[in-house]
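Spelled out, the chains give:
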Amino acid sequence: MTASPAIDEILREPLPEALRAALRDAQAQVNTLVLGKPQQVRLAFVALLADGHLLIEDLPGLGKTTLAHAMAATLGLGFQRVQFTSDLLPADILGVSVYEAQTRRFEFHPGPVFTHVLLADEINRAPPRTQSSLLEAMAERQVSIDGQTRPLPDPFLVIATQNPVDLAGTYPLPDSQLDRFLLRLALGYPDAAAERALLSGADRRDLIAQVSPLLDTEQVISLRRAVQDVHASEALIGYVQALVSRSRSHPGVRVGLSPRAGLALLRAARAHALLLGRGHALPEDVQALFAAVAEHRLVGEADTSAATLAKAILHAVPVD
């Protein structure tokens, strides 16, 4: 029996071979720099392809900044790093207007946010006022300063790292900013083989400095457009909606997932499918990403952890 044209369109290869090979090689390169974390690397590429931002949270020394640097070096895009500290000001990120005596007028000097990839290192060591200065940039891809709106480069990606909030000298991120991150992931300790390779191998910083970019601006934009073409069936959309709805009524949940979170989950599922070489998203894509999308957006009652709630919600919603 011959498949219908609609089915043919869904099942065809989603990417040209050259672009698919470049994406595959880019993932492989990051995996050679961040050892033993293939799932976390895949999630980082999901955030990239889904036109979202990535929050990496874990203890110091586990490779958060290494993953961010490895991604930036592999993407071949403009890159800036900001080390967030307690005395960092919004102008240090966004830029400032300075009076120029020769021209007798104020000239705007762009801050590091005017780049393709911004590494916000230890973002929760800066006070809330400075953290919130990134809100417009992350949501609208623009910055409003001195009554003028200035667009940011396309593509624009924020990779932020943060230490657990119970460590000294940290400020919790505002809920509104947490919601701007498409995914949050943790690295955890390496397994024995990966740690042995780290101890006996070259310094990660030296290796990152030697790598060549495997993607460029146009390729990243093309990949993001391809994500939009990944098919999501009505049944899959219904599954995402059921998960979001369940999060608002599940026992122990004080604040459930918003419609924006549902859109983020669906977009991430499409990107995950594309990474696996499919032109259509499946429930397995949603399930693989639900914790990374939902945990930093859920607020539980009492001592119930968001990770426990996300797992329970996922198990409570059947796949039709």
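Since the model is a prediction, treat every value here as computed from it, not as a measurement.

A. Structural view of the overall build of the chain. Secondary structure assignment for the chain yields 15 helices and 11 strands. Scaling as 2.2 N^0.38, a compact globule of 320 residues should have a C-alpha radius of gyration of about 20 Å, and the chain matches this with 21 Å. Taken along its principal axes, the extent of the C-alpha atoms in the chain is 75 × 50 × 50 Å. For the chain, the proportion of contacts with a sequence separation of at least 24, taken over those separated by at least 6, is 77%.

B. Here's a closer look at unusual backbone geometry. Following Asp154, the chain continues to Pro155 via a peptide bond in cis, the omega torsion being 5°. Secondary-structure assignment places Pro155 in the loop between strand 7 (148–151) and strand 8 (157–162). Positioned with a positive phi, Asp51 is a non-glycine residue whose angle comes to about 60°. A positive phi angle, close to 55°, is found at Asp146, a residue other than glycine. Tracing the chain through its elements places Asp146 in the loop between strand 6 (142–145) and strand 7. Given a relative accessible area of 59%, Asp146 falls into the exposed group.

C. Representation of the layout of surface pockets within the structure. There is about 490 Å³ of room inside the largest pocket. Lining the largest pocket are 22 residues, and of these Asp175, Leu178, Arg184, His296 and Leu298 lie nearest its centre. Grouping the constituent residues of the lining of the largest pocket by class yields 11 nonpolar, 4 polar and 7 charged. Empty space within the second largest pocket amounts to approximately 400 Å³. In terms of lining, the second largest pocket is formed by 20 residues, of which the most central are Gly61, Leu62, Gly63, Lys64 and Thr66. Within the residue set of the lining of the second largest pocket, elements represented by two or more residues are helix 4 (64–75) and helix 9 (192–200). It is helix 4 that contributes the most residues to the lining of the second largest pocket, 3 residues altogether.

D. A look at the confidence of the model for the chain. Averaged over every residue, the pLDDT of the chain is 89; the share at 70 or more is 94%. Low pLDDT, under 50, characterises residues 1–12; the predicted model gives this stretch 5 contacts beyond four residues in sequence or across chains.

E. Structural view of the packing of helix 2 (residues 17–33) against helix 3 (residues 38–49). Closest axis-to-axis distance for the helix 2/helix 3 pair is 10 Å, and the angle between their directions is 135°. The pairing of helix 2 with helix 3 is recorded here as oblique in orientation. You can see that helix 2 and helix 3 cross each other, and the crossing is right-handed. In contact with Leu23, Ala26, Gln27, Val30 and Asn31 of helix 2, helix 3 contributes Pro38, Val41, Arg42, Phe45 and Leu49. For the contact of helix 2 with helix 3, a count of residues per class yields 7 nonpolar, 2 polar and 1 charged.

F. Representation of the side chain of Asp58 in the model. Tracing the backbone through its elements, the reader meets Asp58 in the loop between strand 1 (54–57) and helix 4. The buried charged residue Asp58 lacks any salt bridge partner; its closest oppositely charged side chain belongs to Lys64, at an N-O distance of 6.6 Å. Excluding residues within four positions of it along the chain, Asp58 makes contact with Lys64, Gln162, Asn163, Pro164, Ala186, Leu187 and Gly188.

G. A look at the nonpolar core. If you look at the biggest cluster of nonpolar residues, it comprises 74 residues, and the most contacted ones within it are Phe45, Leu49, Leu67, Leu183, Leu243, Phe290 and Leu298. Ranked by size, the runner-up nonpolar core spans 24 residues in total, among them Ile93, Ala120, Ile123 and Phe181.

H. View of helix 15 (residues 306–316). Buried within helix 15 we find Ala306, Leu309, Ala310, Ile313 and Leu314. Buried residues along helix 15 cover an arc of 130° about the axis, so they all sit on one side. The outward face of helix 15, more than 90 degrees from its buried face, is lined by the exposed residues Lys311 and His315. Where helix 15 is buried, its residues meet helix 12 (234–249), strand 10 (253–255), helix 14 (283–294) and strand 11 (299–300).

I. Structural view of the sheet that holds strand 9 (residues 183–185). Reading across from one edge, 2-5-8-1-9 is the order of the 5 strands in this open sheet, with parallel pairing throughout. Since the sheet does not close on itself, it has two edges, and those belong to strand 2 (79–83) and strand 9, each with one partner. For this sheet the average axis-to-axis angle between neighbouring strands, irrespective of direction, equals 15°. Of the pairings in the sheet, the one linking strand 5 (residues 117–121) to strand 8 comprises 4 bridges and is parallel in character.

J. Up close: the pattern of salt bridges. Going through the model one piece at a time under the given rule, you end up with 13 salt bridges. Measuring nitrogen to oxygen at the nearest pair gives 2.9 Å for the salt bridge that ties Arg278 to Asp285. Both residues of the pair, Arg278 and Asp285, belong to the buried class. Linked through salt bridges whose partners overlap, the residues forming this network are Glu17, Arg20 and Arg24.

About the criteria used
- Residues numbered from 1 in each chain as written.
- Predicted model: local features only at pLDDT ≥ 70, side-chain atom pairs only at ≥ 80, totals over all residues.
- Heavy atoms only, no water.
- Helix = DSSP H or I, 4+ residues; strand = E, 2+ residues; numbered from the N terminus.
- Rg over C-alpha atoms; globule rule 2.2 N^0.38 Å.
- Contact = heavy atoms within 4.5 Å.
- Buried < 20%, exposed > 50% of the residue type's maximum accessible area, 1.4 Å probe, protein only.
- 1 Å grid on protein atoms, 1.4 Å probe; cavity = no way out; pocket = protein on both sides within 12 Å on 5 of 7 lines; lining within 4 Å.
- Points joined across faces, edges and corners; volume = space filled by probe spheres on them.
- Nonpolar A, V, L, I, M, F, W, Y, C, P; charged D, E, K, R; others polar.
- pLDDT = per-residue confidence, 0-100.
- Axes fitted to C-alpha atoms, helices over the stretch in contact; angles between N-to-C directions.
- Parallel < 35°, antiparallel > 145°, perpendicular 65-115°, else oblique.
- Left-handed = near helix turned anticlockwise from the far one by under 90°.
- Lys, Arg positive; Asp, Glu negative; His and termini not counted.
- Salt bridge = Lys/Arg side-chain N within 4 Å of Asp/Glu carboxyl O.
- Core = buried A, V, L, I, M, F, W, Y, C linked by side-chain atoms within 4.5 Å.
- Arc of directions from axis to C-beta.
- Pairing = 2+ DSSP bridges.

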